[in-house]
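For reference, the chains in residue letters:
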Amino acid sequence: MLSSPFRKLALLNTVLMLGFGAIALADNSAGPRKLTVTSFNIRYYGTGGEMTGTPEMEKRDPKLKEFIQKMIPASDIIVFQEITDPARLEKNILPLGWRCLNYDSAFANHQHVVLCHSGNFKIKREPNDNNDIIDEVSIDGGKSRPALHAIVTDSAGKDVARVIGVHLKAYPEESKTRQMQIDKIAAYLNSVSNKSLPVLITGDFNTYNADKTGELKPDATLFDDAFKRDGVVIGQAPHPSKATYKNLKGQVSKFDHFWISPSLKPVGAVKVFGVCNIDTSATVSTTTQGNPYLNLQYYYDNISDHCPVTLTVGY
């Protein structure tokens, strides 16, 4: 259950995102201290959006670069999912000056979680860990995705927050697996050297409602229960949008979220790019409201089946 301030924000901020910013680089030179984080699942980036695809099939680079620079709110950190070629992402898609954190995988076409940051902030490793992942979150002999984590520091070298990127197990029938993965993240947070450092967890949680999973509660509520049971004080950020995923049949789901510590104060609700939450059934032309990315077929072909989600927090 969210605290009262979180509930009020959820009611006050019903923002539908239709397009933002001219460049994905935030300006923190003045005013309150803020951190803007975006999570973005790019469908099998590096293999043309197909699980069995090849690098030669990947034609989305120009459109993805334009979309990230023009349609995503100015961000300090972007956590990507489904990245089969992290080096290509950093080289071809991101603005100059951005750097990315990644990990190795022995499996072909592994869907990497990748954490990228602008020059406004730096990242460093948890002092008592020997890598940048929570290994126990990965299952299936390492085939599935671990959680990627880093400590974010500001220009003065001050630790701002611990950011964790996830891509939990997919499909409704895997609810208990996702709960186990959340338990592993909670156990990790209970083991870190600085437990007072605020935490922000984001990514593709593959959450479903109880009518899909057969559980007594929706996945998101079960995650809240797990964190509380494990003694981790954290709650879901205000997220009023209906969907963050839409396929070409118009079927929608709400997979992508933020969980944050109470000391990280949301500046408004989570923003979701508009194509996932507008009626696309009557769309015929390649443009909608003058923006081609609001056409579902165009968006799917050139970008993804997930919409980016963005949250700004004060710290």
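Here, the structure is the one placed above.
Every value quoted in this text rests on a predicted model; they were computed, and no experiment measured them.

Caption draft 1: Local environment of the environment of Arg99. The topology assignment puts Arg99 in strand β3 (residues 99-101). In this structure, the C-alpha to C-alpha distance between Arg99 and Ile123, residues 24 residues apart in sequence, is 9.6 Å. Filtering out sequence-adjacent residues up to four positions away, Arg99 remains in contact with Glu90, Leu115, Cys116 and His117.

Caption draft 2: Up close: the state of the cysteines. A complete count under the given rule lists 2 disulfides for this structure. A disulfide bridge connects Cys100 with Cys116, and the sulfur atoms are separated by 2.1 Å. On the S-S bond that ties Cys100 to Cys116, the torsion sits near 105°, and the link is right-handed. Taken as a pair, Cys100 in strand β3 and Cys116 in strand β4 (residues 112-117) lie far apart in primary sequence, 16 residues in all. For Cys116, a relative accessible area of 0% translates into the label buried. Across the disulfide from Cys276 sits Cys307; the S-S distance is 2.2 Å. On the S-S bond that ties Cys276 to Cys307, the torsion sits near 100°, and the link is right-handed. In this pair, Cys276 is assigned in the loop between β15 (271-272) and α7 (296-302) and Cys307 in the loop between α7 and β16 (309-314), connecting sequence segments 31 residues apart.

Caption draft 3: How the structure looks around unusual backbone geometry. At Glu82, a residue that is not glycine, the phi angle is positive and equals roughly 65°. Inspection of the secondary structure assignment puts Glu82 in strand β2 (residues 77-83). Within the chain, Asn109 stands out as a residue other than glycine whose phi angle is a positive 55°. Judged by its relative accessible area of 31%, Asn109 falls in the partly exposed class.

Caption draft 4: Structural detail: the nonpolar core. Phe40, Phe67, Phe80, Leu89, Phe273 and Tyr299 are the most contacted members of the largest nonpolar core, which totals 54 residues. Those residues in contact with Tyr299 that lie beyond four places of it in its chain are Phe40, Phe67, Phe273, Val275, Tyr293, Ser304, His306, Cys307 and Pro308. One finds Ala147, Phe205, Ala226 and Phe227 within the second-largest nonpolar core, a separate group that totals 22 residues.

Caption draft 5: Region of interest: the pairing of β16. Judged by how many residues are buried, β16 sits mostly within the fold: 6 of 6 residues are covered. Burial along β16 is two-sided: the residues Val309, Leu311 and Val313 and Thr310, Thr312 and Gly314 are all buried. Relative to β16, strand β1 (residues 34-45) runs antiparallel, the two being bridged by 6 bridges. Bridging across to β16, Thr38 finds its partner in Thr310.

Caption draft 6: Spotlight on the packing of aromatic side chains. Counting across every chain of the model gives 13 aromatic pairs. Measuring from ring centre to ring centre gives 5.2 Å for Phe67 and Tyr293, while their planes differ by 70°; the resulting arrangement is edge-to-face. In this pair, Phe67 is assigned in helix α2 (residues 61-71) and Tyr293 in the loop between β15 and α7, connecting sequence segments 226 residues apart. Note on Tyr293: relative accessible area 3%, which makes it buried. Measuring from ring centre to ring centre gives 6.5 Å for Phe121 and Tyr315, while their planes differ by 65°; the resulting arrangement is edge-to-face. Here Phe121 is found in the loop between β4 and β5 (122-124), whereas its partner Tyr315 is found in the segment after β16, with 194 residues between them in sequence. Overall, the relative accessible area of 2% leaves Phe121 in the buried class. One aromatic cluster is present, formed by Phe40, Phe67, Phe80, Phe273, Tyr293, Tyr298 and Tyr299 through successive ring pairs.

Caption draft 7: The arrangement of the environment of Ser261 in detail. The topology assignment puts Ser261 in the loop between β13 (256-260) and β14 (265-266). Between the C-alpha atom of Ser261 and that of Ile234, which follows or precedes it by 27 residues, the distance is 4.6 Å. From its side chain, Ser261 meets the backbone nitrogen of Val199 in a polar contact 2.8 Å long.

Caption draft 8: Summary view of the pairing of β13. Burial analysis of β13 places 5 of its 5 residues in the buried class, which makes it a mostly covered element. Neither face of β13 is left uncovered, since the one carrying Asp256, Phe258 and Ile260 and the one carrying His257 and Trp259 both have all their residues buried. Bridging between strand β9 (residues 199-204) and β13 involves 5 bridges; their strand directions are antiparallel. Across the sheet, residue Leu200 finds its bridge partner in β13, namely Ile260. Where strand β10 (residues 235-236) lies against β13, 2 bridges are found, and the strand directions are antiparallel. Each residue of the ladder has a partner; that of Gly235, found in β13, is Ile260.

Analysis parameters
- Residues numbered from 1 in each chain as written.
- Predicted model: local features only at pLDDT ≥ 70, side-chain atom pairs only at ≥ 80, totals over all residues.
- Heavy atoms only, no water.
- Helix = DSSP H or I, 4+ residues; strand = E, 2+ residues; numbered from the N terminus.
- Contact = heavy atoms within 4.5 Å.
- Disulfide = S-S within 2.5 Å.
- Buried < 20%, exposed > 50% of the residue type's maximum accessible area, 1.4 Å probe, protein only.
- Core = buried A, V, L, I, M, F, W, Y, C linked by side-chain atoms within 4.5 Å.
- Pairing = 2+ DSSP bridges.
- Phe/Tyr/Trp six-rings, centres within 6.5 Å; stacked < 30°, edge-to-face > 60°.
- Polar contact = N/O pair within 3.5 Å; in protein donor to acceptor, adjacent residues only side chain to side chain.

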